[in-house]
Amino acid sequence: MQIKEFEKQDKDVFLRLCNEFYSSHATLKPFNRETAARTFDRVIERHENLWGYLFTDKETLQPIGYALVSAYWCNEEGGNILVLDELYICPTSRHHGYGGAFLKWLEKEFRDRAAEITLEVLNTNQSAQTLYKKDGLQPDGFVTFTKTI
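The structure displayed is predicted, hence computed values, not measured ones.

**Q** Explanation requested: the pairing of strand E2 (residues 50-56) in the structure shown.
**A** Strand residues, when the strand is regular, have side chains that alternate between the two faces of the sheet. Buried residues dominate E2, accounting for seven of its seven residues. Burial of the side chains of E2 extends over both faces: Leu50, Gly52, Leu54 and Thr56 are buried on one face and Trp51, Tyr53 and Phe55 on the other. Sheet topology places strand E1 (residues 2-5) next to E2; four bridges connect them, and they run antiparallel. Looking across to E2, one finds that Lys4 is bridged to Leu54. Linking two consecutive strands that pair antiparallel, namely E2 and strand E3 (residues 63-74), is a turn of six residues; a positive phi of about 65° is found at Leu61 within it.

This is the structure:
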């Protein structure tokens, strides 16, 4: 798997993959093309705390997934917390170690710029939970509360 930052020409690929992700029941909300396009544009603008990565197959160079990562400062942890906002691997490319490879890459890439990596996963998404636990992420005891504004 090759990992590269989003480039302008990746927008249609990202939107297609993002639609697949939101259609996979890994999220509570449906796909919103306008929101996804704004997110992509924000990444391309090189927002200081938002990164987008496209994954391609090393041999065919075909897109196989993507990730969105953001960050915030946490006084309690004394540094930036990376938030793995979205991680999607196409169904035909799953179970090849790509998700774990990305997590290892992310940890190495941000080792000197972040204190922790955190993410949310639906209680019903057992395969994602298994992957994350295998790669050293553990439930932290917090319950997420959300209010749309």
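**Q** Sorry, what's going on with unusual backbone geometry here?
**A** The phi angle of most residues is negative, glycine excepted, and most peptide bonds adopt the trans form. A positive phi is found at Leu61, a non-glycine position, where the angle reads about 65°. Inspection of the secondary structure puts Leu61 in the loop between E2 and E3. A positive phi angle, near 65°, is found at His95, a position not held by glycine. Within the element layout of this structure, His95 appears in the loop between strand E4 (79-89) and helix H3 (98-110).

**Q** I'm lost on the packing of helix H1 (residues 11-22) against helix H2 (residues 33-44) in this one. Help?
**A** Packed helices, taken two at a time, are described by the angle between their axes plus the distance between the axes. At a closest axis distance of 10 Å, the pairing of H1 and H2 adopts a crossing angle of 135°. The angle between H1 and H2 places the two elements in the oblique class. Crossing of H1 against H2: the hand is right-handed. Of the residues in H2, those touching H1 at Lys11, Asp12, Phe14, Leu15 and Cys18 are Arg33, Ala36, Ala37, Phe40 and Asp41. Residue composition of the contact of H1 with H2, grouped by class: six nonpolar, no polar and four charged.

Thresholds, definitions, all that
- Residues numbered from 1 in each chain as written.
- Predicted model: local features only at pLDDT ≥ 70, side-chain atom pairs only at ≥ 80, totals over all residues.
- Heavy atoms only, no water.
- Buried < 20%, exposed > 50% of the residue type's maximum accessible area, 1.4 Å probe, protein only.
- Helix = DSSP H or I, 4+ residues; strand = E, 2+ residues; numbered from the N terminus.
- Pairing = 2+ DSSP bridges.
- Axes fitted to C-alpha atoms, helices over the stretch in contact; angles between N-to-C directions.
- Parallel < 35°, antiparallel > 145°, perpendicular 65-115°, else oblique.
- Left-handed = near helix turned anticlockwise from the far one by under 90°.
- Contact = heavy atoms within 4.5 Å.
- Nonpolar A, V, L, I, M, F, W, Y, C, P; charged D, E, K, R; others polar.

None of the figures reported here should be taken as evidence of function without further support.
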